[in-house]
Amino acid sequence: GKICNAREAKRGAADNDSPSVAIGVAPAGMNEDAAGTLTYTVTLSNASAHDTTVSFTLSGTATGGSDYATAAPGTLTLAAGAPSGSFTVDPTADGELEDDETVVATLTAASTQGVALALAGPTATGTLFNDDLAAAPTVTVGSDRAALKAGETALITFTLSEDSTDFALADVGVNGGVLGGFS
């Protein structure tokens, strides 16, 4: 066997105490048109004496480039002694009415001095909340006559901006006349 002195034994014990890596996100969600960013923070269980390289991917229902922008290249380097590092995802404002969307950051690998580190908490999900409102439906009213005298009739048309199954005579108010023949 190998005989080592106390200094080598102490260094060997420290080398066996490799940090594990986890990721989180704050805030957990935000409006897509809001100012600010989702900040993904990669944390080591204990700081390493050497630079630590962490690789990650971004996925989810949101699409990079159209729903959000990030300067993150998929690799984050934590400087020697640093307990954590972060990257941001900046939501892109749009006027689309859509479902809330997710940005999932997944750690794929981490190493320090060529030694692979355990991924203790490998995913973090941020949510981009849709804050666009649907346009209210509109009704356009038209007539085949510009003015009526007592006893005359006119054809009144109602044009809806979208299909409706519940537009009825009770939805129409008439002042100074009678509405009939409604279909």
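Quick note: structure is the one above.
Presented here is a report on the structure given in the accompanying data block. (Residues numbered from 1 in each chain as written. Predicted model: local features only at pLDDT ≥ 70, side-chain atom pairs only at ≥ 80, totals over all residues. Heavy atoms only, no water.)

**With respect to the sheet that holds strand β10 (residues 119-121)**
Remark on secondary structure: sheet strands pair via backbone hydrogen bonds, oriented parallel or antiparallel.
And step 1. Strand order across the open sheet formed by 5 strands is β5-β7-β3-β1-β10, with mixed pairing between neighbours. Lying at the two open borders of the sheet, with one neighbouring strand each, are β5 (68-69) and β10. (Pairing = 2+ DSSP bridges. Helix = DSSP H or I, 4+ residues; strand = E, 2+ residues; numbered from the N terminus.)

**Considering the pairing of strand β3 (residues 38-44)**
And step 1. Only one face of β3 is buried: it carries L38, Y40, V42 and L44, and the other face, with T39, T41 and T43, is open.
And step 2. Alignment of strand β1 (residues 21-26) against β3, held across 6 bridges, turns out to be antiparallel. Residue A26 lies in a different strand from β3, and its bridge partner there is T39.
And step 3. With 6 bridges connecting them, β3 and strand β7 (residues 84-91) associate as antiparallel partners. For V42, the partnering residue across the bridge sits in β7 and is G85. (Buried < 20%, exposed > 50% of the residue type's maximum accessible area, 1.4 Å probe, protein only.)

**Things to note about the nonpolar core**
And step 1. Ranked by size, the top nonpolar core spans 23 residues in total, and within it V21, I23 and Y40 carry the most contacts.
And step 2. Residue assignment for this core shows that the elements contributing at least two residues are β1, β3, β4 (52-59), β6 (75-78), β7, β8 (101-112) and β11 (123-129).
And step 3. Beyond its immediate stretch of four places on either side in the chain, V21 contacts V42, T43, L44, V54, L107, A110, L117, A118, L119, A120 and G121. (Core = buried A, V, L, I, M, F, W, Y, C linked by side-chain atoms within 4.5 Å. Contact = heavy atoms within 4.5 Å.)

**Examining the pattern of salt bridges**
Opposite charge on two side chains allows them to pair when their charged atoms are near.
And step 1. Applying the stated criterion across every chain, the model contains 1 salt bridge.
And step 2. Between E152 and R145 there is a salt bridge, and its shortest N-O distance comes to 3.1 Å.
And step 3. For E152, a relative accessible area of 34% gives the class partly exposed. (Salt bridge = Lys/Arg side-chain N within 4 Å of Asp/Glu carboxyl O.)

**What to know about the pairing of β8**
And step 1. Pairing of β4 with β8, which is carried by 8 bridges, proceeds in the antiparallel orientation. If you follow T57 over to β8, its bridge partner there is T106.
And step 2. One ladder, built from 2 bridges, connects β8 with strand β9 (residues 115-116); its direction is antiparallel. Following the sheet pairing, S111 is matched in β9 by A116.
And step 3. Joining the antiparallel neighbours β8 and β9 is a turn of 2 residues, in which Q113 adopts a positive phi near 55 degrees.

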